[in-house]
Amino acid sequence: MQNMLTLLSNALCRITGRTAGAQTVSELLIGLSEYVSLTSPAAPDLAQTQRLPPKPPPVVSARASAAPLVSTSLAAPAARITASCSFADFTPQVTFDIKKCDLYRLEDGPSMKAELTREQGLQYYRTMQTVRRMELKADQLYKQKIIRGFCHLYDGQEACAAGVEAAINRSDHLITAYRAHAYTYTRGVSVKEILCELMGRRGGVSKGKGGSMHMYAPHFYGGNGIVGAQVPLGAGIALACQYQGNNQLCVTLYGDGAANQGQLFEAFNMAALWKLPCIFICENNQYSMGTSAERASASTDYYKRGDYIPGIRLSASDTGGRDGRSVRERGSQVCSGPLPSREGSNCDGAPDLSLPWTQHE
């Protein structure tokens, strides 16, 4: 306290030009009043300070020019510039160029053009943003020990889930590996049910008994904890679709870590032999658990692994695997384009996605 008074006294002495030894702080403050006016301004009238509702914006005709309207007022001390833009200026639909993808046992690949409406773009963005925020929150809850056990996150791969879901119908079937949170959401399960399931609550999609790897929804057959086990199951679902003749298909997803499993090649053989309506997609995030693909596979061209099954590679190095538009375009043309999966042909695609940020094993 004494040090503070000394510093304050020295500062006031420099301002007033007086010595600190002859006067106290109170005397210096009285002398300072000669230099600074300490009177408070009068209180403004309450009626004048009431906040009024904002004025409505001016109506802009649909025939107005596409150039922004700029008005400038120089009467105020500081000039104000106001710009307004009509909603009619938004483009309802755009066409994107997509880089040519690698093909295997195919002469003609999917189109290199993709059309996207404004509503579709907003829908894909909301889906990917919701999945990203959900996974980041799950990561936080895991580190706080609110989520226990396994927690396999999907952040960094959202474009694949959004694009695949946009390419198929709601009546089609989908089965994936243990990194299943995103597909559970795109198949219609709410974020609340997913997070409750991760925390073991009875409000979860599996009543809190499934955890991170066992979530299910209509036409969605989960997460599967055994590496590669979902691939023959997906072939069986496709066999059921063919047997029932319901014009549906099954999307079977697996990771690069499961690409060397023997059961994959058995499922590929049966799918090609019986012409099953099945699309095999390898979500290659370049690491199977903690082992890089180069250390685990003699060949990382997973889209060629089917041998007798045609393949397409969509590489993340060309932003394709991280672009929901590209994934949707490739997937939709696989379903009804050069590879008519609903008619009985099949495809082994390999989107080469970006690395997932975090996971807890």
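Our subject in this report is the structure included herewith. (Residues numbered from 1 in each chain as written. Predicted model: local features only at pLDDT ≥ 70, side-chain atom pairs only at ≥ 80, totals over all residues. Heavy atoms only, no water.)

## Notes on the packing of aromatic side chains
All chains considered together, the criterion is met by four aromatic pairs. With a centroid separation of 5.7 Å and an interplanar angle of 70°, the aromatic rings of Tyr154 and Tyr183 are classed as edge-to-face. Here Tyr154 is found in the loop between helix 4 (118–143) and helix 5 (158–167), whereas its partner Tyr183 is found in helix 6 (residues 181–186), with 29 residues between them in sequence. Each member of the pair, Tyr154 together with Tyr183, is buried. Ring geometry for Tyr254 versus Phe268: centroids 6.4 Å apart, planes at 55°, classification tilted. Of this pair, Tyr254 sits in strand 7 (residues 250–255) while Phe268 is found in helix 9 (residues 262–274), placing the two residues 14 residues apart along the sequence. Phe268 gets classed as buried once you look at its relative accessible area, which sits at 1%. (Phe/Tyr/Trp six-rings, centres within 6.5 Å; stacked < 30°, edge-to-face > 60°. Helix = DSSP H or I, 4+ residues; strand = E, 2+ residues; numbered from the N terminus. Buried < 20%, exposed > 50% of the residue type's maximum accessible area, 1.4 Å probe, protein only.)

## Digging into the layout of surface pockets
Of the volumes computed, that of the largest pocket is approximately 260 Å³. Along the wall of the largest pocket there are 19 residues; nearest its centre are Ala177, Tyr178, Arg179, Gly255 and Asp256. Only strand 7 and strand 9 (287–288) provide two or more residues apiece to the lining of the largest pocket. Taken together, the residues of the lining of the largest pocket sort by class into eight nonpolar, eight polar and three charged. (1 Å grid on protein atoms, 1.4 Å probe; cavity = no way out; pocket = protein on both sides within 12 Å on 5 of 7 lines; lining within 4 Å. Points joined across faces, edges and corners; volume = space filled by probe spheres on them. Nonpolar A, V, L, I, M, F, W, Y, C, P; charged D, E, K, R; others polar.)

## Topic: the packing of helix 4 against helix 5
Close contact between helix 4 and helix 5 brings their axes to 9 Å; oriented N to C, the two are set at 140°. When the axes of helix 4 and helix 5 are compared, the pair comes out oblique. Of the two possible hands of crossing, helix 4 and helix 5 adopt the one that is right-handed. Every residue of helix 5 that contacts helix 4 at Tyr124, Thr127, Met128, Val131 and Arg132 is listed here: Glu158, Ala159, Ala162 and Ala166. (Axes fitted to C-alpha atoms, helices over the stretch in contact; angles between N-to-C directions. Parallel < 35°, antiparallel > 145°, perpendicular 65-115°, else oblique. Left-handed = near helix turned anticlockwise from the far one by under 90°. Contact = heavy atoms within 4.5 Å.)

## Quick word on the packing of helix 4 against helix 7 (residues 191–198)
Their axes nearest at 11 Å, the elements helix 4 and helix 7 cross at an angle of 25°. Our classification of the angle between helix 4 and helix 7 gives roughly parallel. Relative to helix 7, the crossing made by helix 4 is right-handed. In this structure, helix 4 contributes Thr130, Met134 and Ala138 to the contact, and helix 7 contributes Val191, Ile194, Leu195 and Leu198.

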